[in-house]
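In case you want the letters, here they are:
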Amino acid sequence: MIQKPKGTYDVFGKNSKKIIYFENLFREVMSKYNYEYFRTPIFEASELFHRGVGETTDIVSKETFNFKDKSDRDMTLRPEGTAGIVRSFIENKYYSNPSMPVKIWYMGPMFRYERPQAGRYREFYQCGVEVFGSNDPLVDAEVISIPVNIYKLLGFNGIKVNINTLGDTESRLNYKKALLDYFKPHINDLCEDCKARYEKNPLRILDCKVDASKSIMDNAPKIKDNLTEESLQHFEMVCKYLDSMGIEYVIKENLVRGLDYYTHTVFEVEANIKKFGSQNVLCGGGRYNGLVSTLDGPDMPGVGFAIGIERTLLALDYENINLIDEDGLDIYISYMSENEKAFAMNLVNILRLSGFKTDLDLIGRNIKNNFKQAERLKAKYVIIIGEEEIKNNILTIKNNISYEEHKIKFDDLIEFFDTNISE
Ligand code: HAM
């Protein structure tokens, strides 16, 4: 038997209902926030991620699925959504959109060659936003409020927002220098990955899982002591706007995030599932003021986040939150014999077009088994079609809850269900 590739999963049964519920909620929230939907390709030129996400990140240096197409072009299955959205924003000249900022949402599969475990897959789904064209800290706060509100609407209890700032380019340069000076005498105490990070991106030493517990980390310089006045002010305003919405957060000074493009605000939304470790991070994001120009667009700021859908659903299970819409069918249709099938087919078609959740017997059950099936499907009404019904154009409708029976003319059927089946 051929099995699914390692680190992937199939969606069916209860899980498919949960996913549909979550995705619909995300779409609804995006419409309320006035965001526009973008869809970009699942594979892009590899160069996009090398330049966009960063050569030194684990995601690009170790985890991409790469292939050459038949014309020998280097392609990569997207490991995240931001780089592709920025590419599309630039290529489609959305930067000249008069209604700034441009607020975009997206949803789809991402691919990272990671060690699979609960909450960590090689193909996983993200939904997220990217906002272009505003430096105002209001946007950072709006973006953070989206996952917070989604998790609130889902009924989560144990969710925590961690935020930090990486400051502007000048602050980051100051900070980088301070880190290089500090770690220089301790370089041999660092893990092999951090030795490489020291050369390429010393900020990433701060969120190393291997070195986290070492005492050298405790006294490492803090970003807040290296921020320019403007960067500090930006961060304070983000915090002020979050306070104004009553959004609670923790300032986590060693939060740097695993992608190279961030400037100013970075944040993560964390669950609190025991033994879930770093998979507790359900959502991550931040501001990236240099990315659009790095990818050959104009000098234009951006900020966004991405939610990991699988982790979010796992965290919901852990909190015993049941998303499944248990609503059954409105109407189930059964027929007495082969002769009534065409009539039944027309009837189910009319009822579906009129907006009723309707199904009919597709395997020729007897009456008893049809009522059992209607029970399983939680149908509110059952229609039984026989020779007489067709001849007189009057249908027998059984209320499957009160067991009341109604005789309704074919032409009055929609009115009957409109009156008796509420939303
Ligand atoms: P990220 O932190 O790499 O950020 O991913 C965002 C979320 O995707 C994570 O918090 C996690 O829930 C989920 N995730 C990541 N890797 C996996 C995996 N292997 N299996 C399951 N879930 C996973 C980004 O991707 C940025 N593009 C977010 C962003 C948008 N920043 C600004 N705009």
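Because the structure is predicted, anything quoted here is derived from the model rather than measured.

Caption draft 1: Examining a negative patch on the surface more closely. The grouping of D411, D412, E415 and D418 at the surface amounts to a negative patch. Looking at the secondary structure, you find D411 in the loop between β16 (405-409) and α15 (413-420). Accessibility expressed as a relative area gives 67% for D411, which makes it exposed.

Caption draft 2: How the structure looks around the pattern of salt bridges. Here the structure, examined in full by the defined rule, presents 25 salt bridges. For R87, the salt bridge identified is with E44, shortest N-O distance 2.9 Å. Of this pair, R87 sits in helix α4 (residues 82-91) while E44 sits in strand β2 (residues 43-45); the two residues are 43 residues apart in sequence, bridging distant segments of the chain. Between K68 and D72 there is a salt bridge, with its nearest N and O atoms 4.0 Å apart. Residue K68 is classed as partly exposed on the basis of its relative accessible area, which comes to 47%.

Caption draft 3: Inspection of the sheet that holds strand β13 (residues 358-360) at higher detail. Taken in spatial order, the five strands line up as β13-β12-β14-β15-β16 in an open sheet, and their pairing is mixed. Looking at strand neighbours, the two that pair on one side only are β13 and β16, the edges of this open sheet. Put simply, the sheet's adjacent strands are angled 25 degrees from each other on average, direction ignored. Bridge analysis of strand β14 (residues 381-385) against strand β15 (residues 394-399) gives four bridges, and the strand direction is antiparallel.

Caption draft 4: Molecular detail of the domain arrangement of the protein chain. Its domain assignment divides the protein chain into domain 1 (13-168 + 228-319) and domain 2 (331-421). Computed over C-alpha atoms, the centres of domain 1 and domain 2 are 48 Å apart.

Caption draft 5: Main features of the site of the ligand. Around the ligand there are 27 residues in total, and E80, T82, E114, E130 and Y262 lie nearest to it. Here E114 contributes a side-chain N or O atom positioned 2.5 Å from a nitrogen atom of the ligand. With the chains in place, 96% of the 660 Å² that the ligand exposes on its own is no longer accessible. Those elements that provide at least two residues to the shell around the ligand are β6 (123-132), β10 (281-287) and β11 (302-308). Residue contributions to the shell around the ligand peak at six residues, all from β10. Tallied by class, the residues present in the shell around the ligand amount to twelve nonpolar, eight polar and seven charged.

Here is what the cut-offs are and how they apply
Note that residues are indexed from 1 along each chain, following the sequence as it is written. Whole-chain, interface and lining totals are the exception, using all residues; otherwise, since this is a predicted model, local features are given only for residues with pLDDT of at least 70 and side-chain atom pairs are given and counted only at 80 or more. Hydrogen atoms and water are omitted, and side-chain values are computed over all heavy atoms in the structure. Surface patches are defined over residues having more than 30% relative accessible area and no salt bridge, joining like charges when they lie within 9 Å and nonpolar side chains (Val, Leu, Ile, Met, Phe, Trp, Tyr) when within 5 Å. The Shrake-Rupley method, run with a 1.4 Å probe sphere, supplies the accessible areas, and residue values consider only the shown protein chains as cover. The salt bridge criterion pairs a side-chain nitrogen of Lys or Arg with a carboxyl oxygen of Asp or Glu, the two atoms within 4 Å. Neither His nor the chain ends contribute to the count of charged residues, in which Lys and Arg are positive and Asp and Glu negative. Charge coordinates come from a single atom per side chain, which is NZ of Lys, CZ of Arg, CG of Asp or CD of Glu. Strands here mean DSSP runs of E at least two residues long; helices mean DSSP runs of H or I at least four residues long; both are numbered from the N terminus. Accessibility here uses a 1.4 Å probe with only protein chains present; expressed as a share of the type maximum, an area under 20% marks a residue as buried, one over 50% as exposed, and anything in between as partly exposed. We treat two strands as partners when DSSP finds at least two bridges between them. In this analysis, axes come from line fits to C-alpha atoms, helices being fitted only over the stretch in contact, and the angle between any two N-to-C directions falls in the range 0 to 180 degrees. These domain limits were set by an automatic method or by a database of domain assignments. Proximity criterion: a residue is near a molecule or strand once any of its heavy atoms comes within 4 Å of it. Any N or O atom pair separated by 3.5 Å or less is treated as a polar contact, with the protein-specific requirement of one donor-capable and one acceptor-capable atom, and with residues adjacent in sequence counted only for side-chain atom pairs. Put simply, Ala, Val, Leu, Ile, Met, Phe, Trp, Tyr, Cys and Pro go in the nonpolar bin, Asp, Glu, Lys and Arg in the charged bin, and everything else, Gly too, in the polar bin.

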